[in-house]
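Structural characterization, general
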Amino acid sequence: MEKTNKGSCHCGRVTFGLRAELGAIVECNCSLCSRKGALWHGNDGAHFEILTGKDDLVLYQFGTMTAKHYSCRQCGISTFSRPRIAPTAWVVNVRCLDGVDISSLKTHAFDGQNWEQSAQRFVQSRTQGAV
Ligand SMILES: [Zn+2]
């Protein structure tokens, strides 16, 4: 059964829901994610919903300007992004979800410092059903 996880930024202006089984999370070592300390859960967008605070979101882009990284303008917390690997999808920062025991989840490393090679491997493993 998929459960709806609720999440928020620190000040509570931005809230969101993620309907998903939190099977595994992704730790990316790119220049942005490593500084944020964000851990990501990918999902197909249909299960993700911004509940409040759309007007409080700040967009940050860098490099190829493909990914869209959102944070709260008030407290600065990065709640979710549209990743470069799937620009129409959303990934959620698992650290912003309520009541999630991160140590109980399996973590996959994504080598964002070598994005092109990592993305290729990631897409291949998905089509083979490994992820
Ligand atoms: Zn906030």
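Structure: see above.
This report concerns the structure included in the present document. Positions within a chain are numbered from 1, following the residues in the order the chain's sequence is written. The model is predicted, so local features are restricted to residues of pLDDT at least 70 and side-chain atom pairs to those at 80 or more, both for listing and for counting; the totals for chains, interfaces and linings are taken over all residues. Water and hydrogen atoms play no part in the side-chain values, which are based on all heavy atoms of the structure.

Right, let's get into the coordination of the zinc ion. Each donor-metal-donor angle in an ideal tetrahedron of four donors is 109.5 degrees, and each such angle in an ideal octahedron of six donors is either 90 or 180 degrees. Because water is not among the atoms used, a metal site may look incomplete, as its donors are only the N, O and S atoms within 2.8 Å, or 3.2 Å for Na, K and Ca. Taken together, the protein ligands of the zinc ion are C9 (SG), C11 (SG), C72 (SG) and C75 (SG), with distances of 2.3 to 2.4 Å. Every donor residue of the zinc ion comes from the same chain, spaced as C-x1-C-x60-C-x2-C.

Once that is clear, we can look at the environment of S31. Where helices and strands are cited, they refer to DSSP runs of H or I of at least four residues and of E of at least two residues respectively, numbered from the N terminus. Among the structural elements, S31 can be located in helix α1 (residues 31-36). Between the C-alpha atoms of S31 and G112, which are 81 residues apart in sequence, the distance is 7.9 Å.

For the rest of this paragraph, the subject is the sheet that holds strand β1 (residues 3-8). With antiparallel pairing, three strands are arranged side by side in an open sheet as β1-β2-β5. The open sheet terminates on both sides in strands that have one partner only, identified here as β1 and β5 (48-52). Direction aside, the axes of adjacent strands within the sheet are offset by 25° on average. Being paired, for any two strands, means DSSP has found at least two bridges between them. Pairing geometry for strand β2 (residues 15-20) and β5, over four bridges, is antiparallel. Along β5, the bridge assignment pairs F16 with I50. Each axis is a line fitted through C-alpha atoms, taken for helices only over the stretch in contact, and angles between the N-to-C directions span 0 to 180 degrees.

Once that is clear, we can look at the pattern of salt bridges. Any Lys or Arg side-chain nitrogen found within 4 Å of a carboxyl oxygen on Asp or Glu counts as a salt bridge. By the definition in use, this model includes two salt bridges. Notably, a salt bridge pairs D56 with R73, separated by 4.0 Å at the nearest N-O pair. Taken together, the residues span a long stretch of sequence, with D56 in the loop between β5 and β6 (57-60) and R73 in the loop between β7 (68-72) and β8 (78-82) at a distance of 17 residues. Only protein chains enter the accessibility calculation, which uses a 1.4 Å probe; a residue whose area is less than 20% of its type maximum is buried, one above 50% is exposed, and one in between is partly exposed. The class for R73 is exposed, based on a relative accessible area of 53%. With a shortest N-O distance of 2.9 Å, R84 and E116 are connected by a salt bridge.

As used here, the term nonpolar core means buried Ala, Val, Leu, Ile, Met, Phe, Trp, Tyr and Cys residues forming a set that is joined through side-chain atoms within 4.5 Å. Of all hydrophobic cores here, the largest spans 20 residues; its most connected members are F16, L18, F48, F80, V92 and L97. Counting residues per element, the ones that place at least two in this core are β2, β5, β7 and β9 (90-93). Ranked by residues supplied to this core, first place goes to β2 with three residues. Core analysis: the next-biggest nonpolar cluster, separate from the first, contains eight residues, L32, A38, V91 and F110 among them.

Purely geometric stuff here, so don't read any function into it on its own.
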